[in-house]
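Okay, here's what each chain looks like letter by letter:
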Amino acid sequence: MKTSLRLVGTVLACVLLLAYSDSSAADCKTVKGRVISDVVSQYSDGTLCLAPLCTEGRFTGALKGRLQYFATAAAPYNDLLMPIVPVPPNVAASTGQITLKLRKFCSGELIFADTSAFSYDSDPSVSGRFEGIVSAIETVVDSTGTCAGASGRLRLQGVFDSGCVDCSYIGEICLPGGDSDDDDDDDDEDEDDD
């Protein structure tokens, strides 16, 4: 009899645990849009850029918001990632962080770890400009406000000319418990997010 009661108790506990897990399951959404940014030496809030490269701008589309980016490391591709495999001299890689301040989708910040590869048209140390093509993976590593607990990844690519002038992103962002603002408004209209 005690074994039967223990078995019933275990089954009930499992059922309750599954019900709780279902109710708090992450709500994942495919997101896409554009990125517009400029290389800056100081952010609009007055903070100085102390990194090899900083940009500021905005995301449009599903993740409308203001962005601040700083590189944590930047080097010729061979030096940073694969010192044995030869690659053209005009290819570089960087790691960094994007902070995206949102008021829609969720309200708060999404913080992404950035891993980028650049193919630039001329040596930035000679031309003084970062011009070329960028391709990057952005992975959510932290979040605040109603964005807290978010996870996900974006793929970003496009033309970089002292900032993202023609860049786009696509990916998936998950919020715990289905907290996203599901207004399906993923047009690319400009929005003042200051």
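None of these values were measured; they are calculated from a predicted model.

**Regarding the overall build of the chain**
The helix and strand inventory of the chain stands at three helices and eight strands. Across the chain, helices and strands are ordered from the amino to the carboxyl terminus as α-β-β-β-α-β-β-α-β-β-β. Burial statistics for the chain: of 194 residues in total, 36% are counted as buried. If you take every contact in the chain between residues at least 6 apart in sequence, the share linking residues at least 24 apart comes to 57%. Split by element, the accessible area of the chain, about 11,000 Å² in all, is 56% carbon and sulfur.

**What about unusual backbone geometry?**
Here the phi dihedral of Phe105 falls at roughly 70°; this positive angle occurs in a residue that is not glycine. Looking at the element boundaries, Phe105 is found in the loop between β4 (91–102) and β5 (108–120). Of note in this structure, Ser162 is not a glycine but carries a positive phi near 55°. Locating Ser162 in the fold gives a position in the loop between β7 (151–161) and β8 (164–176).

**Side note on the nonpolar core**
One finds Leu63 and Ile173 to be the most contacted residues of the largest nonpolar core, which totals 32 residues. Where this core is concerned, the elements lending two or more residues are β1 (26–39), β3 (65–76), β4, β5, β6 (131–143), β7 and β8. In terms of residues, this core owes the most to one element, β8, which gives five residues.

**Some thoughts on the packing of aromatic side chains**
This structure, assessed with the given rule, holds two aromatic pairs. Between Phe59 and Tyr169, the aromatic rings sit 4.8 Å apart at their centres with planes inclined by 35°, giving tilted as the arrangement. Taken together, the residues span a long stretch of sequence, with Phe59 in strand β2 (residues 54–59) and Tyr169 in strand β8 at a distance of 110 residues. Here the two residues Phe59 and Tyr169 agree in accessibility, since each one is buried.

**Describing the side chain of Gln68**
Locating Gln68 in the fold gives a position in strand β3. At 3.3 Å, the side chain of Gln68 and the side chain of Glu56 are in polar contact. With residues up to four places along the chain from it excluded, the contact list for Gln68 reads Tyr43, Asp45, Thr55, Glu56, Gln97, Ile98 and Thr99.

**Some remarks on a nonpolar patch on the surface**
A contiguous nonpolar patch, built from Ile133, Val159 and Val165 and spanning about 240 Å² of accessible area, is present on the exposed surface. You can see Val165 is positioned in strand β8.

**Structural notes on the pairing of β6**
The pairing of β5 with β6 spans 11 bridges and is classified as antiparallel. Its bridge partner lying in β6, Ile111 is registered against Asp142. Bridge analysis of β6 against β7 gives nine bridges, and the strand direction is antiparallel. Looking at the pairing, Glu131 lines up with Asp161 of β7.

**Details of the pattern of salt bridges**
For the structure shown, the criterion picks out two salt bridges. One salt bridge in this structure joins Lys29 and Asp27, with 3.3 Å as the shortest N-O distance. Taking the relative accessible area as the measure of exposure, Asp27 reaches 21% and is therefore partly exposed. Of the charged contacts in the structure, one is a salt bridge between Asp166 and Arg34, with a shortest N-O distance of 2.2 Å.

**Remarks on the pairing of β7**
Bridging between β7 and β8 involves 10 bridges; their strand directions are antiparallel. Paired with Gln157 across the strands is Ser168, a residue of β8. The turn linking β7 back onto β8 is made up of two residues, and Ser162 within it adopts a positive phi angle of 55°.

Procedures and definitions
- Residues numbered from 1 in each chain as written.
- Predicted model: local features only at pLDDT ≥ 70, side-chain atom pairs only at ≥ 80, totals over all residues.
- Heavy atoms only, no water.
- Helix = DSSP H or I, 4+ residues; strand = E, 2+ residues; numbered from the N terminus.
- Buried < 20%, exposed > 50% of the residue type's maximum accessible area, 1.4 Å probe, protein only.
- Contact = heavy atoms within 4.5 Å.
- Areas by Shrake-Rupley, 256 points an atom, 1.4 Å probe, with all protein chains shown as cover.
- Core = buried A, V, L, I, M, F, W, Y, C linked by side-chain atoms within 4.5 Å.
- Phe/Tyr/Trp six-rings, centres within 6.5 Å; stacked < 30°, edge-to-face > 60°.
- Polar contact = N/O pair within 3.5 Å; in protein donor to acceptor, adjacent residues only side chain to side chain.
- Patch = residues over 30% accessible without salt bridge, like charges linked within 9 Å, V, L, I, M, F, W, Y side chains within 5 Å.
- Salt bridge = Lys/Arg side-chain N within 4 Å of Asp/Glu carboxyl O.
- Pairing = 2+ DSSP bridges.

Function cannot be inferred from these measures alone, as they are strictly geometric.
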